[in-house]
Amino acid sequence: MQGRFGFKLNATDGKARTGVISTPRGEIRTPAFMPVGTAGTVKAMLPESVRATGADILLGNTYHLMLRPTAERIDRLGGLHKFMNWERPILTDSGGFQVMSLGALRKLDEDGVTFKSHIDGSKHRLTPERSMEIQQRLGSDIVMCFDECPALPADRERITESMRLSMRWAARSREAFGDRPGYALFGIQQGGLEEDLRAQSAEALRNIGFEGYAIGGLAVGEGQEAMFGVLDYAPDQLPADKPRYLMGVGKPDDIVGAVKRGIDMMDCVLPSRSGRTGQAFTRRGVVNIKNARHQDDPRPLDEDCTCPACANYSRAYLHHVFRAQEMISGMVLTWHNLHYFQEIMAGIRDAIAAGTFAEWEACFHTARANGDIEPL
């Protein structure tokens, strides 16, 4: 690939930042929300439809792709971009979180992790070096270090051991990644909810040196208040001139709160997963389209939304196709959710550039507080 990876910060408003990540495959406007294409597809969406929502980058999953169809097969077929028909940037996670959450009979040691596939029970081995190899074979534009991510709550001793192991693995990931112009390797900060451990992790990562930095070990059961408590200081522990990525987040109010605290990139399966189960995110809160209250409602999901679901279909129709279990139901609601999440990001970027983020945030929360929010 021609060109290099870079990050330009264009404006700040408080701790909120807006800028551009440059890659040979295109620019990524920040703050950015990355739709999740776990197995080489954003479920219920065509790649061109995902792009039409405003997404600049997708996330792929190392764990799932290494198991099926395998990184080696994708490599032989021209890499993940060609394989899934997405020519813009792709970030892949390292597989560490999925090994923790999905891999059966996980055995952890200094060198790496041995686990059994959740698909067929076959045994696999992931190390920092193997994770880097897999992500290189996939052709990932942004590669994540291999790390160990314990579920919360966990005691301080467990968090400390895990963080220190992840930092040793980060150094090995950096060495295995090598010098690859145009591609980026992100380090992952760990340390649970402990500020001093987060500071130690950030120092270790800065000493190694990365093209970007992620905040890991959150959105794993600690709750929003505790997560925001960490984000009140964790982004400031990382280099200001590099992208900051909060992994696995989240709901719309999580996103807004994270940006307020200095985050540049986020990803989450929520908009697509919720779309497939009949839950739509709107400016006034959550709509559960399967509820009987919508069966005679001629209104769109959101009168101010321009996505295909809102432009072309009533709530009554969407209720009908979900109740009838028609394939179009998950397709149109996923499109709507992804469109709405990208509208949030566009609004945030414009507000930061104009110096009006606080006003934008107040309007965002007021609309939701005054809306008719249905339970997820």
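What you are looking at is a predicted structure, and each value in this text was computed from that prediction instead of being measured. (Residues numbered from 1 in each chain as written. Predicted model: local features only at pLDDT ≥ 70, side-chain atom pairs only at ≥ 80, totals over all residues. Heavy atoms only, no water.)

Considerations on the overall build of the protein chain
Consideration 1: Helix and strand content of the protein chain: 15 helices and 16 strands.
Consideration 2: With respect to the three principal axes, the spread of C-alpha positions in the protein chain is 60 × 45 × 45 Å.
Consideration 3: Per-residue burial for the protein chain yields a buried fraction of 56% across its 376 residues.
Consideration 4: For the protein chain, contacts bridging at least 24 residues in sequence account for 67% of all contacts bridging at least 6.
Consideration 5: Accessible area for the protein chain stands at about 15,300 Å²; split by element, carbon and sulfur atoms hold 49% of it.
Consideration 6: Between the centroid of the 45 positive side chains of the protein chain and the centroid of its 48 negative side chains there is a distance of 4 Å. (Helix = DSSP H or I, 4+ residues; strand = E, 2+ residues; numbered from the N terminus. Buried < 20%, exposed > 50% of the residue type's maximum accessible area, 1.4 Å probe, protein only. Contact = heavy atoms within 4.5 Å. Areas by Shrake-Rupley, 256 points an atom, 1.4 Å probe, with all protein chains shown as cover. Lys, Arg positive; Asp, Glu negative; His and termini not counted. Charge placed at Lys NZ, Arg CZ, Asp CG, Glu CD.)

A few points about the pattern of salt bridges
Consideration 1: Under the counting rule described, the total for this entry stands at 29 salt bridges.
Consideration 2: As a salt-bridge pair, Arg283 and Asp302 come within 2.8 Å of each other at their nearest N and O atoms. Taken together, the residues span a long stretch of sequence, with Arg283 in the loop between β15 (279-282) and β16 (285-288) and Asp302 in the loop between β16 and α12 (308-312) at a distance of 19 residues.
Consideration 3: For Arg283, a relative accessible area of 22% corresponds to the partly exposed category.
Consideration 4: The closest approach of N and O atoms between Asp302 and Arg284, which form a salt bridge, is 3.2 Å. Linking Asp302 in the loop between β16 and α12 with Arg284 in the loop between β15 and β16, this pair joins segments that are 18 residues apart in sequence.
Consideration 5: Arg284 gets classed as partly exposed once you look at its relative accessible area, which sits at 32%.
Consideration 6: The network of salt bridges with common partners includes Arg283, Arg284, Asp297, Arg299, Asp302, Glu303, Asp304 and Glu343. (Salt bridge = Lys/Arg side-chain N within 4 Å of Asp/Glu carboxyl O.)

With respect to the side chain of Ser131
Consideration 1: As for its position among the elements, Ser131 is in helix α6 (residues 128-138).
Consideration 2: Within the structure, the side chain of Ser131 is placed 3.0 Å from the backbone oxygen of Ser94, a separation counted as a polar contact.
Consideration 3: When near neighbours in sequence (up to four residues on either side) are disregarded, Ser131 contacts Ser94, Leu126, Met144 and Phe146. (Polar contact = N/O pair within 3.5 Å; in protein donor to acceptor, adjacent residues only side chain to side chain.)

Focus: the sheet that holds strand β3 (residues 26-30)
Consideration 1: Across the sheet, three strands lie side by side as β1-β2-β3; this open sheet has antiparallel pairing. Both edges of this open sheet fall to β1 (6-13) and β3, since each of them pairs with a single strand only. When the angles between neighbouring strand axes are averaged without regard to direction, this sheet yields 15°.
Consideration 2: In the sheet, strand β2 (residues 16-23) pairs with β3 via five bridges, with the strands oriented antiparallel. Paired with Ile21 across the strands is Ile28, a residue of β3. (Pairing = 2+ DSSP bridges. Axes fitted to C-alpha atoms, helices over the stretch in contact; angles between N-to-C directions.)

Re unusual backbone geometry
Consideration 1: For the peptide bond that leads from Thr30 to Pro31, omega is 0°, which places it in the cis range.
Consideration 2: Along the polypeptide, Pro31 turns up in the loop between β3 and β4 (32-37).
Consideration 3: Omega for the peptide link from Val249 to Gly250 comes to -5°, which places this bond in the cis form.
Consideration 4: Counting through the fold element by element, Gly250 comes out in the loop between β13 (244-246) and α10 (252-260).
Consideration 5: One non-glycine residue, Ala44, adopts positive backbone phi at about 75°.
Consideration 6: Checked against the element boundaries, Ala44 lands in the loop between β4 and α1 (47-52).
Consideration 7: If you check the backbone angles, Gln325 has positive phi at about 60° while not being a glycine.
Consideration 8: Relative to the elements of secondary structure, Gln325 occurs in the loop between α13 (315-323) and α14 (327-354).
Consideration 9: Using a relative accessible area of 71% as the deciding quantity, one classes Gln325 as exposed.

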